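Working through the structure, step by step
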Amino acid sequence: MSYKRKAELPVGDVNDLMEVTPLGAGSEVGRSCHVLKYKGKTVLLDCGVHPGQSGISGLPFFDEVDPASIDVLLITHFHLDHAAGLPYFTERTSFKGRVFMTHPTKAIFKWLLSDYVKVSNVGSNEMLYDEAQLAACYEKIETVDYHQEVNVDGIKFTGYNAGHVLGAAMFLIEIAGIKILYTGDYSREEDRHLMAAEKPTNVQTDVLICESTYGVQSHEPRIDRERRFTSTVHDIVQRGGRCLLPVFALGQAQELLLMLDEYWAAHPELESIPVYYASSLAKKCMTVYQTYINMMNSKIRKQFAVSNPFVFKHISHLKNMDMFDDTGPCVMMASPGMLQNGLSRELFERWCTDKKNGLLITGYCVENTLAKDVMNEPDEIQTMNGQKLKLRMSVDYISFSAHVDYTQNSAFIDEVKAPYLILVHGETNAMGRLKSALMSKYSERDEDIHIFTPRNTETVKLYFRGEKLARTIGQMAATFPEKEKLVSGVLVVKDFQYTIMDTSDLEEFVGLQTTSVFQRQVVPYHASFGLLKYHLRQMFGKIQELECDVNKLERVRIFDTVDVREYNVNHVLLEWTGNSVNDMVADSVLAVILNIESSPASVKLTKSDHTHSHSHGQPHKHATKVEPGTSDETLLVDRNPSDEFQDLVMFFASQFGVENVEQEEETRTVKIMMDGVPATIDCVQFAVKCEADALRHRAQNVLERAVRTCMQ
């Protein structure tokens with residue numbers, strides 16, 4: 001599947017879309033930096049600089065990402081092309097996330113980057129950061145061990161040994177159940193001091209982000225390389241020349257030192273020829289190697305039990321060139337490894353014109369560096385101050401770079417069995433050839449794998465639509481759930497994990513305590529309580545009438561959950577214990593009350609005098625005040641039967657207009673005159689007399705509603 005086709009995949013939910021964007025090391029080697037986004041989480045993988053460029057131009061494309069959005073930043077190892085951009089990112093951007101690396105990586109990181117700041121060939125205004133910013137960055141770094149799982153707000157990650165250099169880690173990242181393995185630089189070949197990279201066991205990886213430095217190249221057997229290396233060094237010094245070995249200060253250098261020390265011990269005729277390791281960091285960082293000896297392979301650990309293998313008998317450390325007597329043959333290991341600046345560049349320019357001397361390149365060289373250019377053996381080279389020099393010294397390339405070749409890389413990819421493979425950290429042509437080789441291999445096997453080779457700032461988009469699974473714990477886990485049987489409990493979501501538990505288990509498993517909320521709500525209400533009871537029965541069926549309280553106020557209970565009682569002349573009180581069911585019942589009761597209040601047919605009780613007459617002579621009971629000392633609330637008083645007739649009169653008046661309604665108290669009749677047509681309503685027999693059918697039908701309907709509303 002091509003990159004573009006996958007990028008255009010239609011997505012139902014944007015949260016199910018994973019995005020991987022190289023900000024560096026996309027179709028190039030150098031400035032490794034990759035953004036991983038999924039489920040609202042953002043992880044930055046490595047933060048290096050490009051060894052072939054200087055200043056700001058050597059940084060990853062940070063303008064393609066919002067630094068403040070990054071939750072976690074993982075550094076795989078201490079090499080500059082993976083870590084040297086970190087102080088800039090933490091101190092000169094809006095990044096506020098957390099930074100993780102292994103213990104050896106952090107221990108070497110500070111010394112290596114301090115040296116990088118000193119030897120950078122840029123002006124002060126182009127410096128990426130100073131010593132103070134480097135120190136501030138160092139304080140923000142958190143350390144992790146191999147196989148230690150760390151969880152940062154739903155982002156789980158675990159470091160595994162990557163071989164490459166001391167402390168190098170590949171990271172297995174898990175977000176919402178989707179697992180991503182980022183190899184960084186890794187080596188599957190055990191050397192003199194480091195173990196081979198390991199593969200996470202019992203893990204089904206969904207996405208593999210893998211280096212492709214050597215493309216389809218395969219290394220010659222290690223024993224052959226070592227033999228060729230030592231014989232080449234031997235030939236150069238035997239002819240009276242100086243052998244220059246440009247190396248990274250740490251990592252590959254320690255392997256070559258062990259090799260040379262062993263060879264010199266086996267060849268007494270070479271004892272008079274000095275071997276120098278010129279690095280201001282050598283002694284500082286060698287203590288780190290001795291400290292973390294248990295992270296190395298069994299061979300070096302056994303040797304350490306007898307004597308310290310990093311105390312070399314035939315190798316001298318040079319702190320500065322003032323101590324170097326440049327006469328006669330010698331072997332000089334100096335950094336940096338790609339001759340871009342520093343001591344290795346200085347010595348190369350000094351020795352390149354003498355054909356007795358030799359340059360032996362032992363590591364991978366990035367495009368646009370002097371070491372890469374020299375491998376093509378040009379007639380002349382340009383010095384750092386712009387002069388031209390003849391290149392007469394011999395140039396040899398024997399790779400001891402701790403990167404996987406095609407055989408090792410393809411075997412590892414086979415073992416991981418990830419359906420999605422993203423190739424990074426490789427030149428365009430090398431990555432393209434590797435992709436073609438892998439696609440051919442998997443097509444022959446009829447295996448489905450999707451391979452991507454994104455350039456810098458190009459985004460790979462992958463769609464994962466997984467099922468949401470919840471597990472029961474605590475009391476609910478005592479019985480196995482049956483198919484299609486409803487499960488009732490509390491669903492707890494934390495870090496994309498779903499669990500269902502009983503409320504009694506909340507405190508034990510998630511630290512939550514349960515409590516009951518007793519709710520009381522006073523609602524304006526101006527009609528009779530009897531009217532309210534009638535409507536509640538119509539809505540809920542049977543309601544429970546409770547004993548009146550001390551103030552003789554009526555109370556009812558609905559569904560054994562919500563109590564409704566008279567509060568004062570203009571209000572009723574609702575009381576219930578809050579939960580999802582009780583709240584719905586309370587909402588329904590409230591809706592009934594508000595419906596009565598808004599209906600024009602509802603009879604209102606007032607505290608003021610009525611405007612209609614009481615010609616029947618019987619008193620009409622009004623709301624009244626309780627004597628002082630009994631209660632400060634206005635209460636309802638019992639009403640006599642005549643009140644019901646008056647309620648009916650008021651009801652008719654509201655329907656037909658006060659000016660069109662007359663009452664006869666003695667006969668309990670109501671006369672209505674509409675457009676000159678009379679109608680008589682008998683409120684004892686509940687009958688209507690009228691010659692006009694339309695008015696008679698209307699009056700009959702109003703009477704029925706009035707009886708239902710007022711006479712309960």
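Because the structure is a prediction, the values reported are computed rather than measured.

Observations regarding the overall build of the chain
Scanning the chain from terminus to terminus reveals 18 helices and 36 strands. Compactness check: the chain gives a C-alpha radius of gyration of 44 Å against a globular reference of 27 Å for 712 residues, more than 25% above the reference. Seen through its principal axes, the chain has C-alpha atoms that stretch 145 × 55 × 55 Å. When burial is assessed residue by residue, the chain has 50% of its 712 residues classed as buried. Pairs at least 24 residues apart make up 68% of the contacts formed inside the chain by residues separated by at least 6 positions. Per element, the accessible surface of the chain, about 34200 Å² overall, is 47% carbon and sulfur. Each charge class in the chain can be summarised by its mean position, and for the 73 positive and 96 negative side chains these summaries are 4 Å apart.

Some thoughts on the nonpolar core
In terms of nonpolar packing, the biggest core is built from 97 residues, with Phe109 and Phe229 touching the most fellow members. Top contributing element to this core by residue count: helix α7 (residues 252-266), with eight residues. Not counting residues up to four positions away in its chain, the partners in contact with Phe229 are Leu245, Leu256, Met259, Leu260, Leu360, Thr362, Ile398 and Phe400. Counting 31 residues, the second largest nonpolar core, distinct from the first, contains Val152, Phe171, Val424 and Phe452.

Points about helix α16 (residues 580-598)
With 19 residues, α16 should reach 27 Å at 1.5 Å per residue; the first-to-last C-alpha distance of 27 Å fits that figure. Looking at α16, one finds that the buried residues are Asn582, Val585, Ala586, Val589, Leu590, Val592, Ile593 and Ile596. Across the axial projection of α16, the buried residues extend over an arc of 155°, all falling on one side. Residues of α16 that are exposed and point over 90 degrees away from its buried face: Ser580, Met584 and Ser598. On its buried side, α16 packs onto β26 (517-524), α15 (529-540), β28 (555-558), β29 (562-568) and β30 (571-578). Where α16 begins, the capping side chain belongs to Asn579, and its oxygen is found 3.0 Å from the backbone nitrogen of Val581.

Section: the confidence of the model for the chain
Per-residue confidence for the chain averages 86 on the pLDDT scale, and 90% of its residues sit at or above 70. In this model, residues 1-8 is a region of pLDDT below 50 whose contacts with residues beyond four sequence positions or in other chains number 15 contacts. Low pLDDT (under 50) marks residues 605-639, which in the prediction has 52 contacts with non-local residues, meaning those over four places away or in another chain.

A few points about the layout of surface pockets
Taken as a whole, the largest pocket spans an internal volume of roughly 1000 Å³. Lining the largest pocket are 49 residues, with Val119, Pro336, Gln340, Asn341 and Gly342 sitting closest to its centre. For the lining of the largest pocket, the secondary structure elements donating two or more residues are α2 (80-83), α4 (103-119), α10 (342-351) and α11 (370-374). The leading source of residues in the lining of the largest pocket is α4, at five residues. When grouped by side-chain class, the residues that make up the lining of the largest pocket number 24 nonpolar, 18 polar and seven charged.

Notes on unusual backbone geometry
That bond from Ser335 to Pro336 is cis: its omega, 5°, falls within 30 degrees of zero. You can see Pro336 is positioned in the loop between β15 (330-334) and α10. A positive phi angle is found at Thr457, which is not glycine, with a value near 75°. By the element assignment, Thr457 lies in the loop between β21 (450-452) and β22 (460-463). Phi at Asp675 takes a positive value of approximately 55°, unusual for a residue other than glycine.

What to know about the side chain of Arg31
Counting through the fold element by element, Arg31 comes out in the loop between β1 (17-24) and β2 (33-38). Within the structure, Arg31 has its side chain in polar contact with the side chain of Glu28 (distance 2.7 Å).

Overview of empty space enclosed by the protein
Under the criterion given, the structure shown has five cavities of 30 Å³ or more. Each pocket or cavity is described by its volume, and for the largest cavity that value is around 330 Å³. Together, 30 residues line the largest cavity, and His164, Phe400, Ser401, Ala402 and His403 are the ones closest to its centre.

What to know about the packing of helix α12 (residues 406-416) against helix α13 (residues 428-445)
Packed helix pairs are characterised by how far apart their axes lie and by the angle those axes make with each other. Where α12 contacts α13, the two axes come as close as 12 Å, and the packing angle between them is 45°. Taken together, the axis directions place α12 and α13 in an arrangement best described as oblique. Where α12 crosses over α13, the two elements pack in a sense that is right-handed. Across from Tyr406, Asn409, Ser410, Ile413 and Asp414 in α12, the residues of α13 making contact are Leu434, Ala437, Leu438, Lys441, Tyr442 and Arg445. Along the lines of polarity and charge, the residues of the contact of α12 with α13 split into six nonpolar, two polar and three charged.

Brief notes about a nonpolar patch on the surface
A cluster of nonpolar side chains, contributed by Phe509, Val510 and Leu512, occupies part of the molecular surface with about 240 Å² of accessible area. Residue position: Leu512 is located in the loop between α14 (506-510) and β26.

Some points on the packing of aromatic side chains
Summed over the entire model, instances satisfying the criterion amount to 14 aromatic pairs. Ring geometry for Tyr214 versus Tyr364: centroids 5.5 Å apart, planes at 80°, classification edge-to-face. Within this pair, whereas Tyr214 is found in the loop between β11 (207-211) and α6 (222-238), its partner Tyr364 is found in the loop between β16 (358-361) and α11, the two being separated by 150 residues in sequence. Residue Tyr214 is classed as buried on the basis of its relative accessible area, which comes to 3%. A residue is classified by how much of its surface remains accessible, and Tyr364, at 13% relative accessible area, is buried. By way of ring pairs, the aromatic residues Phe62, Tyr88, Phe89 and Phe95 are connected into one cluster. The positively charged end of Lys106 is found above the aromatic ring belonging to Tyr138, 4.9 Å away from the centroid. One residue, Lys441, lies across the ring of Tyr442, its end atom 5.3 Å from the ring centre.

About the cut-offs
Residues numbered from 1 in each chain as written. Predicted model: local features only at pLDDT ≥ 70, side-chain atom pairs only at ≥ 80, totals over all residues. Heavy atoms only, no water. Helix = DSSP H or I, 4+ residues; strand = E, 2+ residues; numbered from the N terminus. Rg over C-alpha atoms; globule rule 2.2 N^0.38 Å. Buried < 20%, exposed > 50% of the residue type's maximum accessible area, 1.4 Å probe, protein only. Contact = heavy atoms within 4.5 Å. Areas by Shrake-Rupley, 256 points an atom, 1.4 Å probe, with all protein chains shown as cover. Lys, Arg positive; Asp, Glu negative; His and termini not counted. Charge placed at Lys NZ, Arg CZ, Asp CG, Glu CD. Core = buried A, V, L, I, M, F, W, Y, C linked by side-chain atoms within 4.5 Å. Expected span 1.5 Å × (residues − 1). Arc of directions from axis to C-beta. Polar contact = N/O pair within 3.5 Å; in protein donor to acceptor, adjacent residues only side chain to side chain. pLDDT = per-residue confidence, 0-100. 1 Å grid on protein atoms, 1.4 Å probe; cavity = no way out; pocket = protein on both sides within 12 Å on 5 of 7 lines; lining within 4 Å. Points joined across faces, edges and corners; volume = space filled by probe spheres on them. Nonpolar A, V, L, I, M, F, W, Y, C, P; charged D, E, K, R; others polar. Axes fitted to C-alpha atoms, helices over the stretch in contact; angles between N-to-C directions. Parallel < 35°, antiparallel > 145°, perpendicular 65-115°, else oblique. Left-handed = near helix turned anticlockwise from the far one by under 90°. Patch = residues over 30% accessible without salt bridge, like charges linked within 9 Å, V, L, I, M, F, W, Y side chains within 5 Å. Salt bridge = Lys/Arg side-chain N within 4 Å of Asp/Glu carboxyl O. Phe/Tyr/Trp six-rings, centres within 6.5 Å; stacked < 30°, edge-to-face > 60°. Lys NZ or Arg CZ within 6 Å of the ring centre and 35° of its normal.

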